[in-house]
Amino acid sequence: MDVQLVAVDELVLAALVGAATRGAAPDEVTPPLGDGWTPERSVWLRAYHRDRRAGLDGPCGEATWAVLVDGAPVGGARLRWTDEAGVADTGLWLTRSVRGAGVGRAALAVVLELAAQAGVRRVVAETTAGNRGALAVLGHLGFTLGTQVDGRVRAGVATGGPRPRH
Ligand SMILES: CC(C)(COP(=O)(O)OP(=O)(O)OC[C@H]1O[C@@H](n2cnc3c(N)ncnc32)[C@H](O)[C@@H]1OP(=O)(O)O)[C@@H](O)C(=O)NCCC(=O)NCCS
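Presented here is an overview of the structure given in this document. Model, not experiment: these values are computed from the prediction.

Rules and cut-offs
- Residues numbered from 1 in each chain as written.
- Predicted model: local features only at pLDDT ≥ 70, side-chain atom pairs only at ≥ 80, totals over all residues.
- Heavy atoms only, no water.
- 1 Å grid on protein atoms, 1.4 Å probe; cavity = no way out; pocket = protein on both sides within 12 Å on 5 of 7 lines; lining within 4 Å.
- Points joined across faces, edges and corners; volume = space filled by probe spheres on them.
- Helix = DSSP H or I, 4+ residues; strand = E, 2+ residues; numbered from the N terminus.
- Nonpolar A, V, L, I, M, F, W, Y, C, P; charged D, E, K, R; others polar.
- Buried < 20%, exposed > 50% of the residue type's maximum accessible area, 1.4 Å probe, protein only.
- Pairing = 2+ DSSP bridges.
- Axes fitted to C-alpha atoms, helices over the stretch in contact; angles between N-to-C directions.
- Parallel < 35°, antiparallel > 145°, perpendicular 65-115°, else oblique.
- Left-handed = near helix turned anticlockwise from the far one by under 90°.
- Contact = heavy atoms within 4.5 Å.
- Near = heavy atom within 4 Å.
- Polar contact = N/O pair within 3.5 Å; in protein donor to acceptor, adjacent residues only side chain to side chain.
- Areas by Shrake-Rupley, 256 points an atom, 1.4 Å probe, with all protein chains shown as cover.
- Sits in = over half its atoms within 2 Å of the grid points.
- Salt bridge = Lys/Arg side-chain N within 4 Å of Asp/Glu carboxyl O.

## Observations regarding the layout of surface pockets
In this structure, the largest pocket encloses a volume near 1200 Å³. In this structure, the largest pocket is lined by 43 residues; those nearest its centre are Gly91, Leu92, Trp93, Asn131 and Ala134. Listing elements by their share of the lining of the largest pocket, those giving two or more residues are helix 2 (26-29), helix 3 (39-50), strand 3 (72-81), strand 4 (87-94), helix 4 (103-117), strand 5 (122-128), helix 5 (132-140) and strand 7 (152-158). Its residues assigned to classes, the lining of the largest pocket shows 19 nonpolar, 14 polar and ten charged.

Next up, the structure:
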């Protein structure tokens, strides 16, 4: 399976919103904006990616990508500077049909490479204690899992990348 991360241009964005609405739960992709895939959620998702096209060094301090499997968008990934120098947090969602097949692991590995190239020293992530898929992916990629607080687990890994410039 060929897993790639690509910039979310308008063509990719249209396909990504379609994939999300057909294949992922709304709360896995957007903030709670009504029950189900409301029009507000699709509007939010489009604006979210458009506003972040300038990447980590842009006004939002965040980069987003579409995850492609064999050329088709099946999910989204993001990387955002935190308040801590050199540290960025990441998040990832995939459509149900591709989960459990190694796509998440491959996509997050690319995020870590891109993070290192961008001068991120450490990547952190947060998930729920019951999200076995996410915890497995983080563990495979060398993240140290923190202790559980209120059902949430924070994790972090050093990128081995260049010295921080943020
Ligand atoms: C979390 C997520 C990105 C992981 O991606 P993925 O492609 O499913 O993960 P992978 O196939 O690379 O690896 C998943 C691992 O967890 C295991 N696993 C356990 N329960 C699982 C589950 N319910 N779903 C998927 N994988 C599960 C798999 O067996 C695999 O382990 P292995 O590599 O030792 O065989 C994806 O499942 C997803 O999009 N979930 C919904 C959104 C989400 O929870 N995002 C994370 C928020 S922090």
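## Concerning the pairing of strand 6 (residues 144-149)
For strand 6, a buried count of zero out of six residues is recorded, marking the element as mostly open to its surroundings. As paired strands, strand 6 and strand 7 are joined by four bridges and run antiparallel to one another. Bridged to Val149 within strand 7 is Arg152. Linking strand 6 to strand 7, which pair antiparallel, is a turn of two residues; within it Asp150 sits at a positive phi near 50°.

## Focus on the packing of helix 4 against helix 5
Each pair of packed helices can be summarised by the angle the axes make with each other and by the distance between the axes. Axis separation between helix 4 and helix 5 bottoms out at 9 Å; the angle between their running directions is 50°. In terms of orientation, helix 4 lies oblique with respect to helix 5. As helix 4 runs across helix 5, the sense of the crossing is right-handed. Contact residues: Gly104, Arg105 and Leu108 in helix 4; Val137, Leu138 and His140 in helix 5.

## Topic: the site of the ligand
The environment of the ligand is made up of 20 residues, and the closest members are Leu92, Leu94, Gly102, Gly104 and Asn131. In this structure, a nitrogen atom belonging to the ligand sits 2.8 Å away from a main-chain N or O atom of Leu92. Between the ligand and His140 there is a distance of 2.8 Å, counted from an oxygen atom to a side-chain nitrogen or oxygen. In isolation the ligand has 900 Å² of accessible area, and contact with the protein removes 68% of it. Taken atom by atom, the bulk of the ligand overlaps the largest pocket. Contributions of two or more residues to the shell around the ligand are made by strand 4, helix 4, strand 5 and helix 5. Broken down by element, the residue count for the shell around the ligand peaks at six residues, all from helix 5.

## Some thoughts on the pattern of salt bridges
What the rule picks out here adds up to ten salt bridges. A salt bridge links Glu10 to Arg53; the nearest nitrogen and oxygen atoms lie 2.8 Å apart. Taken together, the residues span a long stretch of sequence, with Glu10 in helix 1 (residues 10-23) and Arg53 in the loop between helix 3 and strand 2 (62-69) at a distance of 43 residues. With a relative accessible area of 39%, Glu10 lands in the partly exposed category. Between Glu28 and Arg99 there is a salt bridge whose closest N-O contact spans 2.6 Å. Placement of Glu28 in helix 2 and of Arg99 in the loop between strand 4 and helix 4 is noted, with a sequence separation of 71 residues between them. Residue classification places Glu28 among the partly exposed positions, given a relative accessible area of 39%. Judged by its relative accessible area of 35%, Arg99 falls in the partly exposed class.

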